Amino acid sequence: QHYFIQSNLSMLTRSLMVPGARSLSTKVAVVLSGCGVYDGAEVHESSALLTHLSRHGAAVSVFAPDKEQMHVVDHTSGTPMSENRNVLKESARIARGKIAALSELNSDDFSALVLPGGFGAAKNLSNFATEGSGMSVDSEVSAAVRSFHSQGKPIGLCCIAPVIAARVIPGVEVTVGSNEGSDKWPYAGTAAAIEEMGGKHVVTDVSQTHVDHTNKVVTTAAFMCETALHEIHDGIGAMVKDLLGLVQ
């Protein structure tokens, strides 16, 4: 009876996975930057990322730097607050407590790396928010990106996070959507900063990805675009599919 139950659970699990889904031997590391669009990881992007990775059968481990945030923002007003919060502890909210310090990440244990967006990527994982194209990347984040890249393992980034790849990987091709500002694309100036850092920006729509096959970097615009939530979700889904397609 125990075998029958386990067998049926296994069949059910396989039936819920999308065609072409991978086994749980495909291990993906996700790096978060806090919790909340204005000072941490974008919650909808992070949730979409974790959902699509789950649907494709990947085994996910979540990491975040164990350090203080740049600042804390009141999400009802968009104004800074006079308190301090820890990036790891805030990220644990999204990870439902299943998280480790970024210092513990070993690229040897994983097949791919993904960084969702939110201003935390520009404030806590880097200082792009204040320094623009003169930005620097957190040392642990930079080390993780360099390690996966040097091993030829794919890296996915969405929203503002591609600026990290532009700084760390010379000549990388990425997208943040449009390079022409509008109500739909309020952050299009980021494309110029990417070019100033030596990267190549590729124009895409929100539902599309760009795959740099040479560097194995997959990017999508996500909330760089002011659009319907389901379009953000679909674009991240396309990124996950392309990312896992590069796993060897």
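What counts and how
Residues numbered from 1 in each chain as written. Predicted model: local features only at pLDDT ≥ 70, side-chain atom pairs only at ≥ 80, totals over all residues. Heavy atoms only, no water. Phe/Tyr/Trp six-rings, centres within 6.5 Å; stacked < 30°, edge-to-face > 60°. Helix = DSSP H or I, 4+ residues; strand = E, 2+ residues; numbered from the N terminus. Buried < 20%, exposed > 50% of the residue type's maximum accessible area, 1.4 Å probe, protein only. Expected span 1.5 Å × (residues − 1). Arc of directions from axis to C-beta. Contact = heavy atoms within 4.5 Å. Polar contact = N/O pair within 3.5 Å; in protein donor to acceptor, adjacent residues only side chain to side chain. Pairing = 2+ DSSP bridges. Axes fitted to C-alpha atoms, helices over the stretch in contact; angles between N-to-C directions. Parallel < 35°, antiparallel > 145°, perpendicular 65-115°, else oblique. Left-handed = near helix turned anticlockwise from the far one by under 90°. Nonpolar A, V, L, I, M, F, W, Y, C, P; charged D, E, K, R; others polar.

## A closer look at the packing of aromatic side chains
Item 1. Counted according to the given criterion, the structure contains three aromatic pairs.
Item 2. Taking the centre distance of 6.5 Å and the plane angle of 35° together, the rings of Tyr38 and Phe119 count as tilted. Taken as a pair, Tyr38 in the loop between β1 (27–31) and α2 (43–55) and Phe119 in the loop between β6 (112–115) and α4 (120–123) lie far apart in primary sequence, 81 residues in all.
Item 3. By relative accessible area, which is 35% here, Tyr38 ends up partly exposed.
Item 4. Look at Phe119 and Tyr187: their rings are 6.3 Å apart centre to centre, the planes differ by 85°, and that puts the pair in the edge-to-face class.

## With respect to α2
Item 1. Taking 1.5 Å of rise per residue, 13 residues should cover 18 Å, and α2 covers 18 Å from first to last C-alpha, within 8% of that figure.
Item 2. Of all the residues in α2, the buried ones are Glu45, Ser46, Ala48, Leu49, His52 and Leu53. Down the axis, α2 shows its buried residues gathered within 165° of arc, on one side only.
Item 3. For α2, the secondary structure elements touched by its buried residues are β1, β2 (59–64), α3 (87–94), β6, β7 (155–158) and α9 (229–245).
Item 4. For α2, the N-terminal cap is Glu42; the gap from its side-chain oxygen to the backbone nitrogen of His44 is 2.7 Å.

## Some remarks on the pairing of strand β10 (residues 209–212)
Item 1. A two-sided burial pattern is seen for β10, the buried positions comprising Thr209 and Val211 on one face and His210 and Asp212 on the other.
Item 2. Across four bridges, the pairing between β10 and strand β11 (residues 217–220) is antiparallel. Directly across from Asp212, in β11, lies its bridge partner Val217.
Item 3. Following β10, the chain reverses through four residues before pairing antiparallel with β11; Lys216 in that reversal takes a positive phi of roughly 55°.

## Digging into the sheet that holds β11
Each strand in a sheet pairs with its neighbour through backbone hydrogen bonds, running either in the same direction (parallel) or in the opposite one (antiparallel).
Item 1. Ordered in space as β5-β2-β1-β6-β7-β11-β10, the seven strands form an open sheet in which the pairing is mixed. Where the open sheet ends on each side, the last strands, each with one partner, are β5 (100–101) and β10.
Item 2. Relative to β5, β2 is paired through two bridges, and the arrangement is parallel. Within β5, the position partnered with Ala64 by the bridge is Ala101.
Item 3. Set on the sheet, helix α6 (residues 139–150) makes contact with β1, β6 and β7; between it and β6 the angle comes to about 140°.

## Thoughts on the environment of Pro162
Item 1. Within the secondary structure layout, Pro162 lies in helix α7 (residues 162–168).
Item 2. Each C-alpha atom of the pair Pro162 and Thr175 lies 7.1 Å from the other, and the pair is 13 residues apart in sequence.
Item 3. Apart from the residues within four sequence positions on either side, Pro162 is in contact with Leu157, Val174, Thr175, Val176 and Thr219.

## Focus on α6
Item 1. If you check α6, its first and last C-alpha atoms are 16 Å apart, about what twelve residues at 1.5 Å a residue would give, namely 16 Å.
Item 2. Inspection of α6 places Val141, Ser142, Ala144, Val145 and Phe148 among the buried residues, and these make up the whole buried set. The buried residues of α6 all sit within an arc of 160° when viewed along its axis, so they share a single face. Residues of α6 that are exposed and point over 90 degrees away from its buried face: Ser139 and Ser150.
Item 3. On its buried side, α6 packs onto β1, β6, β7 and α7.
Item 4. The opening residue of α6 is Asp138, an N-cap whose side-chain oxygen sits 2.9 Å from the backbone nitrogen of Glu140.
Item 5. Note on α6: the residue one or two positions beyond its end, Gly152, has a positive phi of about 70°.

## A look at the packing of α2 against α9
Item 1. Axis separation between α2 and α9 bottoms out at 9 Å; the angle between their running directions is 45°. Between α2 and α9, the interaxial angle falls into the category oblique. Pair α2 / α9 crosses with right-handed handedness. Together, His44, Glu45, Ala48, Leu49, Thr51, His52 and Leu53 of α2 and Leu229, Ile232, His233, Ile236, Gly237, Met239 and Val240 of α9 make up the contact between the two elements.
Item 2. The residue makeup of the contact of α2 with α9, split by class, is eight nonpolar, five polar and one charged.

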